[in-house]
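Structural description and commentary
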Amino acid sequence: MKQCPMCDTPYPDDHATCDTDGAVLIQIREWSPGTLIRNKYRILAKIGQGGMGTMYKAQHLGLDEVMALKVMASNLLGDPSFAKRFRQEARAARKLQHRNIVQVNDFDQAEDGSLFIAAEIR
């Protein structure tokens, strides 16, 4: 699957540019339900997607809890500064404790190289 980085419109793999704005499409890696990540998270469903990444609903197998996985977009993995900001976001969010803020539980790298943040889901 591909996506326009300007308008977030999804396209099939055979498209190269966005029909709306002419932007070059980026390849989006998707995890299908049932995929096992780091031998501890089983993907249940895709929650949403945007230019910065994809959100998944996942079962933490060891804790038997449902969590949200925020996965950094594959086109951003090659940008060291963005990867650093993503890591800093995980660390900063982990330190926050408030009833109106979801709790970050993990930061890791999947087998396909994708960086992700695991957090509680409400």
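What this report covers is the structure whose coordinates are included nearby. Note that the structure is predicted; figures quoted are calculated from it, not measured.

Conventions and cut-offs
Position numbers for residues start from 1 in each chain and track the written sequence from start to end. Restriction of local features to residues with pLDDT of at least 70 applies here, the model being predicted, together with a cutoff of 80 or more for giving and counting side-chain atom pairs; totals for whole chains, interfaces and linings are based on all residues. Each side-chain value is derived from all of the structure's non-hydrogen atoms; neither hydrogens nor water enter the calculation. Any two strands are treated as partners once DSSP identifies two or more bridges connecting them. Think of it this way: any DSSP run of H or I at least four residues long counts as a helix, any run of E at least two long counts as a strand, and we number them from the N terminus. Given a helix with a known number of residues, its expected span is that number minus one, times 1.5 Å. Three exposure classes are used, based on accessible area relative to the maximum for each residue type with a 1.4 Å probe and protein chains only: buried under 20%, partly exposed in between, and exposed over 50%. What the arc measures is the spread of directions leading from the helix axis to the C-beta atoms.

Take the pairing of strand β7 (residues 65–72) next. Sheet analysis places strand β6 (residues 53–60) next to β7, joined by eight bridges and oriented antiparallel. Each bridged residue has a counterpart across the sheet, and for Thr54 the counterpart in β7 is Val71. Connecting β6 to the antiparallel partner β7 that follows it, the hairpin turn spans four residues, and Asp64 within it adopts a positive phi of roughly 55°. When β7 meets strand β9 (residues 115–120), the two strands line up antiparallel, connected through five bridges. Bridging across to β9, Ala68 finds its partner in Ala119.

Turning next to helix α1 (residues 80–95). The terminal C-alpha atoms of α1 lie 23 Å apart, and with 16 residues this matches the ideal 22 Å at 1.5 Å per residue to within 8%. For α1, the complete set of buried residues consists of Phe82, Ala83, Phe86, Ala90 and Ala93. Buried residues of α1, seen end-on, are gathered within an arc of 105° and therefore sit on one face of the element. Facing away from the buried side of α1, by more than 90 degrees, are the exposed residues Pro80, Arg91 and Lys95.

In this section: the sheet that holds strand β2 (residues 10–11). Taken in spatial order, the three strands of this open sheet run β2-β1-β3, and their pairing is antiparallel. Single-partner strands in this sheet number two, and they are β2 and β3 (26–27). Sheet topology places strand β1 (residues 2–3) next to β2; two bridges connect them, and they run antiparallel. From the neighbouring strand, Lys2 faces β2, where its bridge partner is Tyr11.

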